[in-house]
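# Fold and contact review
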Amino acid sequence: MSQYIEPIKTAVLVFPFVALALTLPYMLAQYRRYGAILLLRTAIVYSFVLYLMCAYFLTILPLPDWDFVAGLTSPTIQLIPLREVVDLFRHSAVEWSNPATYYRLFTGHDFFQIVANVAMTIPFGIYLRYYFGCGFKKTVMLTLGLSLVFELTQLSGLFGLYPRPYRLADVDDLMTNTLGGMVGYWAAPLVIKLLPSKERMDEVAYRRGTHVSVTRRAFAAMLDGCILLVLMAVLLWLAPGLMPSTNDIGGVLLWFLGCYTAGIALYFVLGEWLLKGRTVGKRLLHLRLTDIRDGGRPKLWQCVVRYTVLYLVVLPTPMVILLVLTLGGLDGGALVWSVLICIVLLLVYVLFWLLMAVQVFTHSIQLLHGKLSMTRNVSTLRAKQVRTGTETDASGIKSANG
């Protein structure tokens with residue numbers, strides 16, 4: 001049993017790193033399509049990824065020593081159909097005249113190998129029918145394709161990593177794996193009765209997508225921040241002479257502060273105003289900044305207030321306080337003013353995060369930068385209903401196309 005347990009344990013240990021790498025693309029895809037992320041859908045998708053990892057690791061692990069594989073002379077491929085069944089009857093030592101020995105068919109390694117190959121793809125068939133909505137023929141073809149990938153991986157010696165195959169590529173594995181996908185397809189109705197349908201999850205996600213969550217806004221801001229950093233890095237690469245000498249620490253700090261302020265002013269303030277409340281991140285996540293009073297395009301002064309408060313006052317507060325505390329040579333009035341500025345910034349910072357916490361749990365208030373600028377982000381996502389030729393927003397209200 002260790003030959004099955006160890007690969008699964010390895011997949012479980014590696015899975016958190018794979019999940020971490022998939023998180024940002026997954027969030028982008030979910031927010032862009034639905035405007036919301038459902039916990040149940042996330043659990044289903046990530047469990048599917050874990051299942052595929054377990055199945056693949058069962059195919060390739062444990063990895064043998066390279067020199068050991070180079071010295072192998074065993075067969076690399078088996079093309080005779082139902083050879084496993086023949087071996088099952090041959091090795092079971094069943095006495096057909098004695099029914100008391102029939103149990104031996106079900107206790108040997110050959111039978112367990114067949115059952116394991118069938119069981120390995122049963123979850124695949126369930127996922128295909130329940131979540132991906134595949135029909136029987138498509139499920140069979142996709143399961144066969146998955147099994148073929150496994151067998152070709154073995155036949156290629158892990159894609160050339162080894163000098164020859166270290167496991168036997170068997171046509172019977174294609175047959176038993178495909179049978180497992182079929183069994184999974186037939187068993188899927190049991191899962192369908194226990195869990196909501198994909199259509200139901202889509203409906204709930206679209207409905208939640210009308211409410212712009214804090215995480216959705218934060219993710220859009222993170223995308224915009226990454227774009228801004230890339231643009232600034234390109235500018236620095238094209239014009240390296242713009243940066244002062246690293247010997248002048250104060251000059252370097254002022255230079256970075258100036259670049260940061262200019263980037264915020266150009267990308268978020270001027271750019272969002274010119275693009276009528278939409279940055280690249282907002283466009284990807286179907287968001288738009290609007291004037292609270294009339295729901296229209298934000299005014300330039302509103303963009304100035306919103307992003308000055310957020311990016312030039314609130315978010316830099318910890319760094320500003322840290323710099324003030326580490327500066328030496330302050331005394332008298334300068335020290336008093338520095339302490340007062342730090343206290344005010346700290347109060348604003350605490351207020352911002354308190355409002356953020358209330359917003360996360362109640363969705364009932366505006367954040368500080370939104371209140372002061374009288375702006376808010378709204379969702380522009382609409383779910384298209386192709387069959388009826390209508391368009392439905394997440395609240396379920398229909399409107400004719402055109």
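Everything below is about the structure printed above this text.
These remarks concern the structure in this document. Nothing here was measured: the structure is a model prediction, and the numbers come from that model. (Residues numbered from 1 in each chain as written. Predicted model: local features only at pLDDT ≥ 70, side-chain atom pairs only at ≥ 80, totals over all residues. Heavy atoms only, no water.)

### What to know about the overall build of the protein chain
A count of helices and strands for the protein chain gives 17 helices and 7 strands. In the protein chain, which comprises 402 residues, the proportion classed as buried is 37%. Counting contacts in the protein chain only where the partners sit at least 6 residues apart, residues at least 24 apart contribute 70% of the total. Counting every atom, the protein chain has about 23400 Å² of accessible surface; 72% of that belongs to carbon and sulfur. (Helix = DSSP H or I, 4+ residues; strand = E, 2+ residues; numbered from the N terminus. Buried < 20%, exposed > 50% of the residue type's maximum accessible area, 1.4 Å probe, protein only. Contact = heavy atoms within 4.5 Å. Areas by Shrake-Rupley, 256 points an atom, 1.4 Å probe, with all protein chains shown as cover.)

### Overview of unusual backbone geometry
For the peptide bond that leads from leucine 61 to proline 62, omega is 0 degrees, which places it in the cis range. Examined against the element boundaries, proline 62 turns out to sit in the loop between helix H2 (39-60) and helix H3 (66-70).

### A few points about the packing of aromatic side chains
One pass over the structure, following the stated rule, counts 24 aromatic pairs. The interplanar angle of 15 degrees and the centroid separation of 5.9 Å between the aromatic rings of phenylalanine 136 and tryptophan 186 together place this pair among those described as stacked. One end of the pair, phenylalanine 136, is in helix H7 (residues 136-155); the other, tryptophan 186, is in helix H9 (residues 171-194), and 50 residues separate them in sequence. Taking relative accessible area as the criterion, phenylalanine 136 reaches 31% and is therefore assigned partly exposed. Relative to phenylalanine 268, the ring of tyrosine 267 lies with its centre 5.1 Å away and its plane at 80 degrees, an arrangement referred to as edge-to-face. (Phe/Tyr/Trp six-rings, centres within 6.5 Å; stacked < 30°, edge-to-face > 60°.)

### Observations concerning the pairing of strand E3 (residues 287-291)
With 4 of its 5 residues buried, E3 lies for the most part within the structure. Bridge analysis of E3 against strand E4 (residues 375-379) gives 5 bridges, and the strand direction is antiparallel. Following the sheet pairing, leucine 287 is matched in E4 by serine 379. (Pairing = 2+ DSSP bridges.)

### Remarks on the side chain of aspartate 172
Take aspartate 172: it is sitting in helix H9. Of the side chains with opposite charge, arginine 83 comes closest to the buried, unpaired aspartate 172, at an N-O distance of 7.1 Å. With residues near it in sequence (within four places) discarded, aspartate 172 still touches Gln78, Ile80, Pro81, Leu82, Arg83 and Glu84. (Lys, Arg positive; Asp, Glu negative; His and termini not counted. Salt bridge = Lys/Arg side-chain N within 4 Å of Asp/Glu carboxyl O.)

### What to know about the side chain of serine 373
Mapped onto the fold, serine 373 is located in helix H17 (residues 368-373). Among the residues examined, serine 373 registers a relative accessible area of 0% and is labelled buried. Side-chain polar atoms of serine 373 contact the backbone oxygen of histidine 369, separated by 2.6 Å. In this view, serine 373 contacts Trp301, Gln302, Val305 and Arg306; residues no more than four positions away in its chain are not counted. (Polar contact = N/O pair within 3.5 Å; in protein donor to acceptor, adjacent residues only side chain to side chain.)

### Considering the pattern of salt bridges
Counted by the stated rule, this structure contains 10 salt bridges. A salt bridge links arginine 90 to aspartate 87; the shortest N-O distance between them is 3.6 Å. Of this pair, arginine 90 and aspartate 87 both sit in helix H4 (residues 83-91), 3 residues apart, which is roughly one turn of the helix. For lysine 299, the salt bridge identified is with aspartate 294, shortest N-O distance 4.0 Å. Among the residues examined, lysine 299 registers a relative accessible area of 32% and is labelled partly exposed.

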